Amino acid sequence: AALGLYFPRKEYLENVYIDEPAGMPLLRIHALKDSHEEVAHFHLCQNLIISRARSHENNWFQIREKTGVLYLSKSLDREDFNMLSVGNWMPLSKVMLYVFLSSHPFQEKECDSATRTTVFLSLINATAPACSSLTARQLCFTEMDLSFHIKENKPPGTFHQLQLPSVHHLCQNLSISYKLLAAEGVPFRYNENTTSVRVTQRLDREERERYELIAKCTVREGLREMQVEVPFLVNVLDEDDSPPFLPNGTDTADAVVEFNRKEGTVLATLAVYDADTTPIYPLESSRKKYTGTIITDDPWISETFRVEHIFDEIHFSPNGSQVRGTRHEY
């Protein structure tokens, strides 16, 4: 399916300084597959969006179709900056680009329908700072938090690169290395040679919904060494792949009715658990997913009794980690 490929991040952020050289890599965007045979192709379609109302032809940014590296195709000078900033007194101008994804080389018409992610670029009215003036945090990580969404039941794949392409390009006299700190047995691998992180197996949200790791970076400059650690979070996105289950295996309940019961008396209850979904809002859509029925041919029974459906979020704890689900009570 053309919509199989997907981005593990909803958005990317990066800074662009005046007079950085053409060819300078800015950031790397990754895609994950829906099936093994898919090949990801990246593409920029639209203009730059400068503010909600304005857009401008994109003359400065390109993406490598096969690798997802976004780079400067032309140096951005002060004149360009003034044209792209809403007023040239601004020290910074934010522009927005859409990166599109397809499983085959792009045709222009696909830009409207294809899967996309947003790149926010902060254009800074200054030349790039000297590497020696940057903190370890700035050399190691962008302002983006390292938070990713990976769909359950999908093939393994690389979803992030820790090394910042722009810093690697500009600060070659610094040694910057990374580690991914994680509990034993988590399904993620860090590759020291490429600084990339991959998910190594299909994930199952009903087993675990969230992984909390730590990315650690060490910067060495001569004898000086600095270290910085940031959270690295992976959320597993649900696919409706587990049938609901009955906690005690029965899907019917018998009700014994005595005389003089008041209206509203509860006569019998039945519970259904669904580990797959959490209560969906609007609530009516959760209500429609299951219905409770009184099985009878007697119209008096149908008029006199009714089934009420209430549901709430519960937590299951497979393997000691908390996973959200829903309990439906009738």
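Just so you know, these numbers come straight off a predicted model, no measurement behind them.

Asks: Mind laying out the packing of aromatic side chains, listing which residues take part and the relevant values?
Replies: For the coordinates displayed, the defined rule picks out twelve aromatic pairs. Seen in terms of ring centroids, phenylalanine 148 and phenylalanine 159 are 5.2 Å apart; in terms of plane orientation they differ by 70 degrees. Their pairing is edge-to-face. One end of the pair, phenylalanine 148, is in strand 10 (residues 146-151); the other, phenylalanine 159, is in strand 11 (residues 157-161), and eleven residues separate them in sequence. For phenylalanine 159, a relative accessible area of 1% translates into the label buried. When the centroid spacing of 5.1 Å and the interplanar angle of 85 degrees are considered together, the rings of phenylalanine 188 and tyrosine 211 count as edge-to-face. With phenylalanine 188 in strand 13 (residues 188-191) and tyrosine 211 in strand 15 (residues 210-221), this pair connects stretches of sequence that are 23 residues apart. Aromatic ring contacts, followed pair by pair, group Phe148, Phe159, Phe188, Tyr211 and Phe232 into a single cluster. The ring of tyrosine 12 carries the charged tip of arginine 9 above its face, separated from the ring centre by 5.6 Å. It is arginine 116 that lies over the ring of tyrosine 98; its NZ or CZ is 3.7 Å from the centre.

Asks: Break down the sheet that holds strand 19 (residues 323-329) for me, with residues and values.
Replies: Ordered by their spatial adjacency, three strands build an open sheet running 17-19-18, and the pairing between neighbours is antiparallel. Looking at the sheet topology across the chains shown, the edges are occupied by strand 17 (271-274) and strand 18 (310-316). Each strand of the sheet is rotated relative to its neighbour by a mean of 25 degrees, with strand direction disregarded. Sheet topology places strand 17 next to strand 19; four bridges connect them, and they run antiparallel. Of the residues in strand 19, the one forming a bridge with tyrosine 273 is arginine 327.

Asks: Explain the domain arrangement of the protein residue by residue, including any values.
Replies: For the protein, the domain assignment lists domain 1 (1-128), domain 2 (129-238) and domain 3 (240-329). Across the contact, 25 residues belong to domain 1 and 26 residues belong to domain 2. The contact between domain 1 and domain 2 buries some 2200 Å² in all, and 60% of this surface belongs to carbon and sulfur atoms. Broken down residue by residue, the surface that domain 1 buries against domain 2 is led by Tyr6, Arg9 and His30, which jointly contribute 26%. The residue aspartate 34 makes a salt bridge to lysine 154 at a minimum N-O spacing of 2.7 Å. Joining domain 1 to domain 2, the criterion identifies six residue pairs in polar contact (both at pLDDT 80 or more). Elements with a contribution of two residues or more to the side of domain 1 that touches domain 2: strand 1 (11-18) and strand 2 (25-28). Here the side of domain 1 that touches domain 2 gets six residues from one element, more than from any other, and that element is strand 1.

Analysis parameters
Residues numbered from 1 in each chain as written. Predicted model: local features only at pLDDT ≥ 70, side-chain atom pairs only at ≥ 80, totals over all residues. Heavy atoms only, no water. Phe/Tyr/Trp six-rings, centres within 6.5 Å; stacked < 30°, edge-to-face > 60°. Helix = DSSP H or I, 4+ residues; strand = E, 2+ residues; numbered from the N terminus. Buried < 20%, exposed > 50% of the residue type's maximum accessible area, 1.4 Å probe, protein only. Lys NZ or Arg CZ within 6 Å of the ring centre and 35° of its normal. Pairing = 2+ DSSP bridges. Axes fitted to C-alpha atoms, helices over the stretch in contact; angles between N-to-C directions. Domains from an automatic or database assignment. Contact = heavy atoms within 4.5 Å. Buried area = accessible area lost by both parts, 1.4 Å probe. Salt bridge = Lys/Arg side-chain N within 4 Å of Asp/Glu carboxyl O. Polar contact = N/O pair within 3.5 Å; in protein donor to acceptor, adjacent residues only side chain to side chain.

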